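Residue-level structural notes
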Amino acid sequence: MLTSFEQTIIEPARYQLETLIIGQELLGLEQTASTNSLIRERAFAGVAEGLVIVANEQTAGRGRRGRNWSAPAGSSLLLSLLLRPTWLVPSESFLLTMLAAVAISEAIERETSCTVELKWPNDLLINGRKLAGILVELETAGPERLRWAVIGSGINVNWQPSDDPTINQAATSLASECGHEVDRAGLLRAILHSYDRHYLNLRSGRREALRQAWLDRLTTLGKAVEIELSTHSFVGVAEAVDQHGGLQVRDNTGQLQTVYAGDVKVRPLAQA
Ligand code: BTN
């Protein structure tokens, strides 16, 4: 028997789903620890690419840099997918973050009246507040190629993060920004279509088109920023993103520093 989540979200999302790869296997769970962890297990077990797992609730959702990702049950789209882009080398893996960010942004804009912007490295913003986060986890086959990638995203849909004291005040949701509840099934279907189209384009070699679509939405460049690394922080102006997805920041001594993993806080320009 189907669960209520399968009946109301997964089955309607499956209806008229016309994808070649993404969501060919689509699994909906009322509750799991983490959809990324579940897909990782399937990846190690050799499951085919395109598997998508969506949860109504996560009990141990994971964010970037070892953080938690939490959202009330039934409020969000918490989904992960498995790709096997063995035609990418590990140094190109930032393209997968770009893929997720562009695919999800376009789907949201198709389904709502909201405009989505991006903050390096992998936040989706509406009106400057965080709407969604992306967590990409990779397995490589040596330095030469990727074996698989799990792309997880948590999208705040029908809840008010500003009402929750445990959530960062800079977080928001589609309901908060668009002024109405958003149909999670329709949004899920649009995301799967969008992922499929962009993944097929990427697989056929259209890296630059994806990079440009991502750059067109990126609001970080030209801004005064504070970069938080695991060992220290520094301030500067974000100037560019290199071929590997690294953020190039001109620091206060005039040196150009490239950051591959860190958090960015945008500051008023005078403070740079
Ligand atoms: C971030 O730190 O901004 C990334 C958050 C990614 C959260 C999603 S929710 C679905 C998937 N499963 C997880 O455990 N994490 C990702």
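Rules and cut-offs
- Residues numbered from 1 in each chain as written.
- Predicted model: local features only at pLDDT ≥ 70, side-chain atom pairs only at ≥ 80, totals over all residues.
- Heavy atoms only, no water.
- Pairing = 2+ DSSP bridges.
- Helix = DSSP H or I, 4+ residues; strand = E, 2+ residues; numbered from the N terminus.
- Domains from an automatic or database assignment.
- Contact = heavy atoms within 4.5 Å.
- Buried area = accessible area lost by both parts, 1.4 Å probe.
- Salt bridge = Lys/Arg side-chain N within 4 Å of Asp/Glu carboxyl O.
- Polar contact = N/O pair within 3.5 Å; in protein donor to acceptor, adjacent residues only side chain to side chain.
- Near = heavy atom within 4 Å.
- Areas by Shrake-Rupley, 256 points an atom, 1.4 Å probe, with all protein chains shown as cover.
- Nonpolar A, V, L, I, M, F, W, Y, C, P; charged D, E, K, R; others polar.
- Phe/Tyr/Trp six-rings, centres within 6.5 Å; stacked < 30°, edge-to-face > 60°.
- Buried < 20%, exposed > 50% of the residue type's maximum accessible area, 1.4 Å probe, protein only.
- Core = buried A, V, L, I, M, F, W, Y, C linked by side-chain atoms within 4.5 Å.

Before going further, it helps to spend a moment on the pairing of strand β9 (residues 233-241). Where strand β8 (residues 224-228) meets β9, five bridges bridge the pair, whose relative direction is antiparallel. Among the inter-strand pairings, Glu226 is bridged to a residue of β9, identified as Val235. Note that β9 and strand β10 (residues 247-251) share five bridges and pair antiparallel. Looking at β10, one finds that Val237 is bridged to Arg250.

Here we take up the domain arrangement of the chain. Per the domain assignment, the segments of the chain are domain 1 (4-217) and domain 2 (224-267). With 11 residues of domain 1 at the contact, the number on the domain 2 side is 16 residues. Here domain 1 meets domain 2 over a buried area of about 1100 Å², counting both sides, of which 47% is carbon and sulfur. Interface area lost by domain 1 to domain 2 is led by Arg65, Trp120 and Arg211, which between them contribute 56%. Along the contact surface separating domain 1 from domain 2 lie three salt bridges. Scanning the region where domain 1 abuts domain 2 turns up nine residue pairs in polar contact (both at pLDDT 80 or more). Looking at which element gives the most residues to the side of domain 1 that touches domain 2, the answer is helix α6 (residues 207-217), with three residues.

Neighbouring the ligand are 19 residues; Ser34, Gln58, Arg62, Arg64 and Lys130 lie closest to it. Note that an oxygen atom of the ligand is positioned 2.7 Å from one of the side-chain N or O atoms of Lys130. When the free accessible area of the ligand is taken as 420 Å², the share hidden by the protein chains comes to 98%. Put simply, the parts of the chain that give the shell around the ligand at least two residues each are α2 (35-44), β3 (76-83), β6 (129-141) and β7 (145-156). Per-element accounting of the shell around the ligand gives the leading share, four residues, to β6. Of the residues belonging to the shell around the ligand, the class tally is five nonpolar, 11 polar and three charged.

Okay, the packing of aromatic side chains next. Per the stated rule, a full pass over the model turns up three aromatic pairs. Aromatic side chains Trp87 and Tyr199 sit 5.6 Å apart centroid to centroid with 40° between the ring planes, which places their arrangement in the tilted category. Of this pair, Trp87 sits in the loop between β3 and α3 (94-111) while Tyr199 sits in helix α5 (residues 184-203); the two residues are 112 residues apart in sequence, bridging distant segments of the chain. When its relative accessible area of 29% is taken as the criterion, Trp87 is described as partly exposed. The buried category is assigned to Tyr199, whose relative accessible area is 0%. Consider the rings of Phe94 and Trp214, whose centres lie 5.4 Å apart with planes at 90°: the pair is edge-to-face. Pair noted here: Phe94 is in helix α3 and Trp214 is in helix α6, with a separation of 120 residues, a long-range link. Note on accessibility: Phe94 and Trp214 belong to one class, buried.

Tyr195 and Trp214 are the most contacted members of the largest nonpolar core, which totals 64 residues. In terms of residues, this core owes the most to one element, α3, which gives 12 residues. Formed jointly, this core draws a minimum of three residues from each of two domains, domain 1 (4-217) and domain 2 (224-267). In contact with Tyr195, other than residues within four places in its own chain, are Ile22, Leu81, Leu99, Ala100, Ala103, Ile104 and Ile151. If you look at the next biggest cluster of nonpolar residues, it comprises eight residues, including Leu38, Ile39, Ile53 and Trp148.

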